[in-house]
Amino acid sequence: MNLKGRDFLKLLDFTDKEILHLIDVAEKLKYKKRNGIKHQYLKGKQIALLFAKDSTRTRCAFEVGAKDLGMEASYIGPTGSQMGKKESIADTARVLSRMYDALEYRGFDQEIVENLAKYSSVPVFNGLTTEFHPTQMLADVMTIKEEFGKIKGIKLVFFGDARNNVANSLMVVSSKLGMHFTCCSPKELFPDKALVDECMKIAKASGGTITLSSDVKESATNADVIYTDVWLSMGEDESLWEKRIKLLKPYQVNKDVFDLAKKKAIFLHCLPSFHDTDTEIGKQIFEKFGLKEMEVSNDVFEGPASRVFEEAENRLHTIKAVMLETLKK
Ligand code: CP
Ligand code: NVA
């Protein structure tokens, strides 16, 4: 398997074998990390991390991962660089690829990261756009594999805003790897039809299925994995909260919903999550709308089936796998 020099922009660009290979590499890197086995496979290389939106996991996974691999990383935040305001994406890509060995971008339209890659002479990685969150998927699939020992045939149900980056990417990865994916949300928030059609075609070949539903009980029944994400994504206007809460409250993952899943089912969430009022936004929502928990109830989040922190740790190992496989000598 040779992924040298490849961009990592969306999973639609990768075969099932390539995705599974990245998970295998991540498992080996996790073993090494856990056992204190040092390696500097990418010693001397440099990566620029361009973040137009906030991040904890993705940023830290790239920074710690780069260090573990012997690399150095420069963080370039939403302000302070010329990108976008005074300098085009094309010019930025051509400048940075003369200095760095790889670029990571988190921000808005998928078109921006695709454009960066078009003009960059070094690999570009998508750390989340409005449409897709491909590095998140590797961690999710790795967590599923660790739990169930397999990926194919797993029933994964996503509750919430099914048009967002995480839901879109779950649909893509499920179709590629032969999982049974259901997105459960109100019709207004169903994913884009063209993407659904494309995933259905891919799923046919892999043995997976794609289901769109607004029926919470039917969707949750017999699920292996229940997944949810925030009801309002970064970059969306705060004024949408009221409408989104109204639309998505019936799709909250709580104990009643979780109990319909299989006995050994697990709960996943890309994080960050509003499962209590211990955040600024969580408090504001409570004061304004009286809701103490949003997309997931605190008992499910903190419950025995929750694997959210294993999933978060796996962001590190999988992002390291992407850097290693695309940048190795
Ligand atoms: N899941 C995820 O991408 O988290 P961050 O926004 O903290 O990077
Ligand atoms: N859908 C969320 C994912 C965060 C990791 C967002 O884009 O804000």
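For the structure itself, look to the data block above.
I will try to describe carefully the structure that is included in this document. (Residues numbered from 1 in each chain as written. Chains lettered and ligands numbered in written order. Predicted model: local features only at pLDDT ≥ 70, side-chain atom pairs only at ≥ 80, totals over all residues. Heavy atoms only, no water.)

### Considerations on the overall build of the protein chain
Convention followed: Numbering of helices and strands runs from the N terminus, with a helix taken as a DSSP run of H or I at least four residues long and a strand as a DSSP run of E at least two residues long. All radius of gyration figures rest on C-alpha atoms, and the globule criterion is 2.2 Å times the number of residues raised to 0.38. Think of it in three bands: with a 1.4 Å probe and only protein chains considered, a residue is buried below 20% of the maximum accessible area for its type, exposed above 50%, and partly exposed in between. For this analysis, residues touch if any pair of their heavy atoms sits within 4.5 Å. Only the protein chains shown count as cover for residues, and the accessible areas themselves come from Shrake-Rupley with a 1.4 Å probe. The charge count includes Lys and Arg as positive and Asp and Glu as negative, but it does not include His or the ends of the chains. Where a charge lies is defined by one atom per residue type, namely NZ (Lys), CZ (Arg), CG (Asp) and CD (Glu).
A count of helical and extended segments in the protein chain gives 13 helices and 9 strands. For a compact globule of 329 residues, the expected C-alpha radius of gyration is about 20 Å, and the protein chain comes in at 19 Å, within 12% of that figure. Dimensions of the protein chain, computed from C-alpha atoms along their principal axes, come out at roughly 55 × 45 × 40 Å. Classification of the 329 residues of the protein chain by burial places 56% in the buried group. Residue pairs at least 24 apart in sequence account for 75% of intrachain contacts in the protein chain once pairs closer than 6 positions are excluded. Accessible surface computed for the protein chain: about 14,900 Å², of which carbon and sulfur atoms make up 51%. Computing the positive centroid from 49 side-chain charges and the negative centroid from 48, the protein chain places the two 5 Å apart.

### Observations regarding the site of ligand 2
As a reminder of what qualifies: Any residue with a heavy atom positioned within 4 Å of a molecule or strand is treated as near that molecule or strand. Throughout this description, a polar contact denotes any pair of N or O atoms lying within 3.5 Å of each other; where both atoms belong to protein, one of them has to be capable of donating a hydrogen while the other can accept it, and for residues adjacent in sequence the pair is counted only when both atoms sit in side chains. Polarity classes work like this: nonpolar for Ala, Val, Leu, Ile, Met, Phe, Trp, Tyr, Cys and Pro, charged for Asp, Glu, Lys and Arg, and polar for all others, with Gly in that last group.
In the vicinity of ligand 2, the contacting residues are Leu 128, Asn 164, Asn 165, Asp 229, Val 230, Ser 233, Met 234 and Leu 271. Here a nitrogen atom of ligand 2 sits 2.6 Å away from a polar atom, N or O, in the side chain of Asp 229. Note that an oxygen atom of ligand 2 is positioned 2.8 Å from one of the backbone N or O atoms of Met 234. For the shell around ligand 2, the class distribution of residues is 4 nonpolar, 3 polar and 1 charged.

### A look at the site of ligand 1
Contacts to ligand 1 come from Ser 55, Thr 56, Arg 57, Thr 58, Arg 106, His 133, Gln 136, Cys 270, Leu 271 and Arg 315. Here Ser 55 contributes a side-chain N or O atom positioned 2.6 Å from an oxygen atom of ligand 1. Between Thr 56 and ligand 1, the recorded distance is 2.7 Å, taken from a backbone N or O atom to an oxygen atom. Expressed as a share of its isolated accessible area of 260 Å², the protein-covered part of ligand 1 is 95%. Among the residues forming the shell around ligand 1, the class breakdown is 2 nonpolar, 5 polar and 3 charged.

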